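# Structural features, examined
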Amino acid sequence: MRTSVSTAIIVAGLVYGCDAGSPRPPVLDPVPLPSTAATLAVEVGTGEGVFDEISPGTVVDAVYGPQGGYHVWTAVRVTGTKLPSAQINVFARLADGGADVGRPSRVLTDFGRGNGAAQVHAGITNFVDNPSAVSGKDIVLRVEVIGPDGEHGEDERTVRVR
């Protein structure tokens, strides 16, 4: 499994460029989470430019994006280790019933700028196909982080869509 995860990161790096400062658009094929036990401390949050913690009652907006779709800003924080890069899978589903609210996707991130205590990637577009169908409802935001050597972790939190 390590080889395929590393290969996916290299391929994604070649497709989107290796400059840590360049934006990397999401792709619609999440990398499968390894079947081994989780080894990363991962927390899902919200936020376009910073990591905002999700606490009970957190309300988010379905944001209209520049390419004509809607999304919920999602962020991830990894603590306890320093990853050079990672694949981040994002998903959203209704809290009541579990139906997907949008297409799952993933982004590649360079965590090289992290301070060691916490590494953050904010501004992930977690797609929402029909914002009026989730307005006023609770949805579950899920993230899966997969490092270059197969280390991984996951988290999910419930938010309410305004």
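The structure presented is a predicted model; accordingly, all values stated were derived computationally and were not measured.

### Section: the overall build of the protein chain
- From N to C terminus, the protein chain includes 2 helices and 9 strands.
- Its helices and strands in sequence order give the protein chain the pattern α-β-β-β-β-β-β-β-α-β-β, from N to C terminus.
- Of all 162 residues assigned to the protein chain, the portion counted as buried reaches 43%.
- Put simply, 74% of the contacts in the protein chain that link residues at least 6 apart link residues at least 24 apart.
- Carbon and sulfur atoms provide 53% of the accessible area of the protein chain, an area that totals close to 8,000 Å².

### Digging into the sheet that holds strand β6 (residues 105-110)
- Read from one edge to the other, the open sheet built from 5 strands follows the order β2-β9-β8-β5-β6, with strand pairing classed as mixed. Edge positions in the sheet fall to β2 (59-60) and β6, since each of these pairs with one other strand and no more.
- Two strands pair when backbone bridges link them, and strand β8 (residues 138-146) and strand β9 (residues 152-161) are joined in this way by 9 bridges, in the antiparallel orientation. Looking at β9, one finds that Ile139 is bridged to Val159.

### Concerning the pattern of salt bridges
- Across all of its chains, the model carries 12 salt bridges by this definition.
- Between Arg142 and Glu144 there is a salt bridge; the shortest N-O distance is 3.1 Å.
- Across the pair Asp155 and Arg157 runs a salt bridge whose closest N-O atoms are separated by 3.0 Å.
- A single salt-bridge network, built from bridges that share partners, covers Glu43, Glu53, Arg77, Asp155 and Arg157.

### So, the environment of Leu141
- Here Leu141 shows up in strand β8.
- Sequence separation of Leu141 and Ala92 is 49 residues, and the distance between their C-alpha atoms is 4.7 Å.

### Re the confidence of the model for the protein chain
- Overall, the prediction assigns the protein chain a mean pLDDT of 86, with 82% of residues at 70 or greater.
- In the model, residues 1-22 has pLDDT below 50 throughout and makes 35 contacts with residues more than four positions away in sequence or in other chains.

The rules behind each value
- Within each chain, residues carry numbers counting from 1 in the order of the written sequence.
- This being a predicted model, a pLDDT of at least 70 is required before a residue's local features are given, and a value of 80 or more before pairs of side-chain atoms are given or counted; all residues contribute to the totals for chains, interfaces and linings.
- Only hydrogens and water are set aside when side-chain values are computed; all heavy atoms of the structure are taken into account.
- Working definition: helices are DSSP H or I runs of at least four residues, strands are E runs of at least two. Numbering for both runs from the N terminus.
- When accessible area is computed with a 1.4 Å probe and restricted to protein chains, residues below 20% of their type maximum are described as buried, those above 50% as exposed, and intermediate ones as partly exposed.
- In this analysis, two residues are considered to be in contact whenever any of their non-hydrogen atoms come within 4.5 Å of each other.
- Throughout, the Shrake-Rupley method with a 1.4 Å probe supplies accessible areas, and for residues the shown protein chains are the sole cover considered.
- Should DSSP find at least two bridges between two strands, the strands are taken to pair.
- Whenever Lys or Arg places a side-chain nitrogen within 4 Å of a carboxyl oxygen from Asp or Glu, that contact is recorded as a salt bridge.
- By definition, pLDDT measures how confident the predictor is in each residue, and it falls between 0 and 100.

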